[in-house]
Amino acid sequence: GAGVSQSPSNKVTEKGKDVELRCDPISGHTALYWYRQSLGQGLEFLIYFQGNSAPDKSGLPSDRFSAERTGGSVSTLTIQRTQQEDSAVYLCASSTGQGATEQFFGPGTRLTVL
Amino acid sequence: QKEVEQDPGPLSVPEGAIVSLNCTYSNSAFQYFMWYRQYSRKGPELLMYTYSSGNKEDGRFTAQVDKSSKYISLFIRDSQPSDSATYLCAMIRGSNYKLTFGKGTLLTVNP
């Protein structure tokens, strides 16, 4: 079956521009997570969705970062006024959400801010 | 101090060697322990998943958890060049919680 998909796979943008990153979780998975992977910091949690609500946003680094999820499926991570330190790989993961702890990751979006 | 510590390596071994990868953690609330494998420019792939202290074996891979020492290990027997990747330990308090990762260990298995 299909895994987690993310688009675009690569995104190059200029400092100050807004970007949108998309995640399609595994069908039927109610829990969705965004993580960021950078050379210096490793893999860090950003936000968690259960259905369309986000009970844990504690990892969002600033108010320039926001995310939404619609229809209990697709999620979009938006970064406004991008900065060079936002350059990283943004990873999405999903799990069944029914007492499951295993999270399945997508291939990531590599964001480069010039 | 980071919640999860993992030696980043790099680690280089000959084909057929036994590989030992380790992580330590500080948060007693962690209940579930995972190892992910990540190939270059790919997303992490779940390799092993354990709950509570003890060993779990899957083919050439063995995961060990020692909660009393807050120490987890992954052993790879008869390592193959295809095992060359970054290995990430990850921990979670329970379902519907975030994963907390180590920084990953880059492993190269030389033919």
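Our subject is the structure that appears above.
One structure accompanies this document, and this report is about it. Source: prediction; values computed, not measured. (Residues numbered from 1 in each chain as written. Chains lettered and ligands numbered in written order. Predicted model: local features only at pLDDT ≥ 70, side-chain atom pairs only at ≥ 80, totals over all residues. Heavy atoms only, no water.)

## So, the layout of surface pockets
Leftover empty space is mapped by rolling, across the atoms, a probe with the size of a water molecule.
Line of reasoning, step 1. The volume enclosed by the largest pocket comes to roughly 870 Å³.
Line of reasoning, step 2. Lining the largest pocket are 34 residues, with Gln 37, Leu 39, Val 89 and Arg 110 of chain A together with Gln 38 of chain B sitting closest to its centre.
Line of reasoning, step 3. Of all the elements in the fold, those that place two or more residues in the lining of the largest pocket are β4 (31–38), β5 (42–50), β9 (88–95) and β11 (109–113) of chain A together with β9 (85–92) and β11 (105–110) of chain B.
Line of reasoning, step 4. Among the residues making up the lining of the largest pocket, the classes are represented as 13 nonpolar, 17 polar and four charged.
Line of reasoning, step 5. Taken as a whole, the second largest pocket spans an internal volume of roughly 340 Å³.
Line of reasoning, step 6. Lining the second largest pocket are 19 residues, and of these Leu 43, Glu 44 and Phe 45 of chain A together with Lys 2 and Thr 100 of chain B lie nearest its centre.
Line of reasoning, step 7. Sorting the residues of the lining of the second largest pocket by element identifies β5 of chain A together with β10 (100–101) of chain B as the ones contributing at least two each.
Line of reasoning, step 8. Take the lining of the second largest pocket: its biggest share by element is five residues, from β5 of chain A.
Line of reasoning, step 9. Among the residues making up the lining of the second largest pocket, the classes are represented as seven nonpolar, six polar and six charged. (1 Å grid on protein atoms, 1.4 Å probe; cavity = no way out; pocket = protein on both sides within 12 Å on 5 of 7 lines; lining within 4 Å. Points joined across faces, edges and corners; volume = space filled by probe spheres on them. Helix = DSSP H or I, 4+ residues; strand = E, 2+ residues; numbered from the N terminus. Nonpolar A, V, L, I, M, F, W, Y, C, P; charged D, E, K, R; others polar.)

## Comments concerning the sheet that holds strand β8 (residues 71–76) of chain B
Residues and elements named next belong to chain B.
Line of reasoning, step 1. The five strands are arranged β1-β3-β8-β7-β6 in an open sheet whose pairing can be described as antiparallel. Two strands bound the open sheet, and with one partner strand each, they are β1 (4–6) and β6 (54–58). Neighbour to neighbour, the strand axes of the sheet diverge by 15 degrees on average, direction disregarded.
Line of reasoning, step 2. Relative to strand β7 (residues 61–66), β6 runs antiparallel, the two sharing five bridges. Paired with Asp 58 across the two strands is Phe 61, which belongs to β7. (Pairing = 2+ DSSP bridges. Axes fitted to C-alpha atoms, helices over the stretch in contact; angles between N-to-C directions.)

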